[in-house]
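Structural description and commentary
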Amino acid sequence: MVFFSRSVLYTERQKMDLSKENIDILIIRYLSDDICPEERKVLESWVKEQDTNHTYFQQMKNMWEITNPALDPDSISVSQALKQVHKLAGIKSPKEQFFTYWQRIAAILILPLIATFLIILFYTSATQEYKQIVYQEISAPYGSRLHINLPDGSIVYLNSGGKLKFPTIFKAGERNVYLNGEAYFEVESDKSNPFVVHTNAIDVKATGTIFNVEGYDNDTLYAVTMMSGKVQVSIDKKHETIDITKGERVSYNVKKHNYTVEDVDPYKWCAWKDGNLIFRDEPLINVLKKIGQVYNAEIIVQDTALSKHLYRATFKNESLDDILRLIKKTVPLSYIEKGNIRGNDGTFTKRCIIVERLN
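Residues numbered from 1 in each chain as written. Predicted model: local features only at pLDDT ≥ 70, side-chain atom pairs only at ≥ 80, totals over all residues. Heavy atoms only, no water.

1. Concerning the pattern of salt bridges
The condition is simple: We define a salt bridge as a side-chain nitrogen of Lys or Arg found within 4 Å of a carboxyl oxygen belonging to Asp or Glu. Working definition: helices are DSSP H or I runs of at least four residues, strands are E runs of at least two. Numbering for both runs from the N terminus. To sort residues, take the accessible area from a 1.4 Å probe on protein chains only and compare it with the maximum for the residue type: under 20% means buried, over 50% means exposed, and anything in between is partly exposed.
As enumerated under the stated definition, the model contains 13 salt bridges in all. Between Asp219 and Lys289 there is a salt bridge; the shortest N-O distance is 2.8 Å. In this pair, Asp219 sits in the loop between β8 (210-215) and β9 (221-228) while Lys289 sits in helix α7 (residues 284-295), placing the two residues 70 residues apart along the sequence. Classification of Asp219 as buried rests on a relative accessible area of 14%.

2. Looking at the nonpolar core
Cut-off, in case you're wondering: Working definition of a nonpolar core: buried Ala, Val, Leu, Ile, Met, Phe, Trp, Tyr and Cys residues. They are joined through side-chain atoms within 4.5 Å. Here, residues are in contact when the closest pair of their heavy atoms is within 4.5 Å.
If you look at the biggest cluster of nonpolar residues, it comprises 31 residues, and the most contacted ones within it are Leu164, Phe185, Phe211 and Val224. Counting residues per element, this core draws most heavily on strand β5 (residues 175-186), at four residues. If sequence neighbours within four positions are ignored, Phe211 has contacts with Ala183, Tyr184, Phe185, Val187, Val197, Val204, Ala206, Val224, Thr225, Met226, Met227 and Val231. Within the second largest apolar cluster, 26 residues are counted, among which are Leu306, Phe315, Leu324 and Val331.

3. Section: the packing of aromatic side chains
Note the cut-off: Only Phe, Tyr and Trp rings take part, Trp by its six-membered ring, and two of them pair if their centres are within 6.5 Å. Stacked means planes under 30 degrees apart, edge-to-face means over 60, and tilted covers everything else.
Going through the model one piece at a time under the given rule, you end up with six aromatic pairs. Centroid distance Tyr157 to Tyr184: 5.9 Å. Interplanar angle 65°. Geometry classified as edge-to-face. Placement of the pair is Tyr157 in strand β3 (residues 155-158) and Tyr184 in strand β5, with a sequence separation of 27 residues. For the pair Tyr157 and Tyr184, a shared accessibility class is recorded, and that class is buried.

4. Quick word on helix α1 (residues 20-31)
Let me state the cut-off plainly: One less than the residue count of a helix, multiplied by 1.5 Å, gives the span that helix is expected to have.
Taking 1.5 Å per residue as the helical rise, α1 with its 12 residues ought to reach 16 Å, and the 16 Å between its terminal C-alpha atoms agrees with that figure. In terms of burial, α1 is largely enclosed, as 10 of its 12 residues are buried. Residues of α1 that are buried: Glu21, Asn22, Ile23, Asp24, Ile25, Leu26, Ile27, Ile28, Arg29 and Leu31. Phi for Asp33, located one or two positions after α1, is positive at around 60°.

5. Observations regarding the confidence of the model for the protein
Let me state the cut-off plainly: pLDDT is defined as a per-residue confidence score from the predictor, taking values between 0 and 100.
On average, residues of the protein score 81 in pLDDT, and 74% of them reach the 70 mark or higher. Mean pLDDT in the protein bottoms out at helix α4 (residues 79-89), which sits at 53, and peaks at β3, which reaches 98. Contacts from residues 1-16, a stretch scored under 50 in pLDDT, to residues over four places away or in other chains number 28 contacts. When the criterion is pLDDT under 50, residues 69-73 qualifies, and its contacts beyond four places in sequence or with other chains add up to 10 contacts.

6. So, the pairing of strand β16 (residues 310-316)
Counted only if it meets this: Two strands make a pair as long as DSSP finds a minimum of two bridges between them.
Burial of the side chains of β16 is restricted to one face: Tyr311, Ala313 and Phe315 are buried, whereas none of Leu310, Arg312, Thr314 and Lys316 on the reverse face is. With six bridges connecting them, strand β14 (residues 276-283) and β16 associate as antiparallel partners. Residue pairing for β16: Glu282 is matched across the bridge by Tyr311.

7. Quick look at α7
Taking 1.5 Å as the rise per residue, α7 with 12 residues should run 16 Å; its terminal C-alpha atoms sit 16 Å apart, in good agreement. Along α7, the residues that are buried comprise Leu284, Val287, Leu288, Lys290, Ile291, Gly292, Gln293 and Val294.

8. Examining the side chain of Asn276
Put simply, the test is: Under the rule applied, a polar contact is a pair of N or O atoms within 3.5 Å (in protein, one hydrogen donor and one hydrogen acceptor; residues adjacent in sequence only if both atoms are side-chain atoms).
Relative to the elements of secondary structure, Asn276 occurs in strand β14. In this structure the side chain of Asn276 is engaged in a polar contact, spanning 3.4 Å, whose partner is the side chain of Tyr267. If near-sequence neighbours (up to four positions away) are discounted, Asn276 is found in contact with Tyr267, Ala271, Phe315 and Lys316.

9. Examining the packing of α1 against helix α2 (residues 37-49)
Rules: For helices, the axis comes from a line fit to the C-alpha atoms of the stretch in contact; other axes are also lines fit to C-alpha atoms, and the angle between any two N-to-C directions lies between 0 and 180 degrees. Crossings are assigned a handedness: left-handed for a near helix turned anticlockwise from the far helix by less than a right angle, right-handed for a clockwise turn. When residues are sorted by character, Ala, Val, Leu, Ile, Met, Phe, Trp, Tyr, Cys and Pro go into the nonpolar class, Asp, Glu, Lys and Arg into the charged class, and all the rest, Gly among them, into the polar class.
Between α1 and α2, whose axes approach to 10 Å, the crossing angle comes to 115°. Between α1 and α2 lies a crossing of left-handed hand. Side by side, α1 and α2 meet where Ile23, Leu26, Ile27, Arg29 and Tyr30 of the first sit next to Glu39, Arg40, Val42, Leu43 and Trp46 of the second. Among the residues forming the contact of α1 with α2, the class breakdown is seven nonpolar, no polar and three charged.

10. Describing the environment of Gly275
Tracing the chain through its elements places Gly275 in the loop between α6 (266-270) and β14. Residue Gly275 is classed as buried on the basis of its relative accessible area, which comes to 9%. Separated by 116 residues in the primary sequence, Gly275 and Asn159 place their C-alpha atoms 9.7 Å from one another.

Shown next, in the form of structure tokens:
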């Protein structure tokens, strides 16, 4: 058994048959900047001696640079890691005098590799999960309504002119959808994964219930009407939060920054999903506004007194022209169409209708 201590330097390289273990020790000392000048000369001579020696040295150097550890080998017990080093490097079991030293090498080489592998695995999994979240946006043409099945089994009815954005796969712990328009939600019960409807002015949080949300971006009034169960409504983006239950309706005015909660007949506000428009003693201005939203029309009432006229009616799947003719039969008014409204992009997007009182 030949053992080279630090006190016996490699000064006569030609007289020695350097073993693989001794070369590895020299390489480790060189890479850890713990090599004396005489040892450095011996190592450099060995590296230049054969191409295979140079290749082996580069392999050890590359492994060292990849790991670049900041660990203290003396503080770690790594007998298992030592076996892995021997296996990867193709080294037979070292002699007894090298056992402690190779423990340190194992700590330096293997543990950082394992940590790096776990980090890469976690990052790759997180990236793949993120890439799987693809959003879908569905729009309901004016004068129509859509039935949508969400990934969690919830059902949505989207009213005319509305847009709903949702992920094709819900992330664990949340079910977020984004609404611009009016929609009727039948939410699948799942308390561990809250269902949240986001609009420009209010958020609605539910776990399993049925409710209607009015949230057009260009409107001043946002509202939630409960058909069953309970939801939590965040007013003006969480500045205030309230709970409402079956038969209640909360209305929030964006311009005035105030809201009201009232008991209502919920079907009156949700009948549109069945193709019905129900009005019960509503001011005519509100009736025509709702009709205009559904049919993409700007209906302007010229007379103030006429706009306050209370109106009762139920319309089922009628066209805009049919509805206006029916209203004209029961209310003293006339109307003329002024043509379409030109949008910012130069296209004509809405019909413009002027309503006047009959003398």
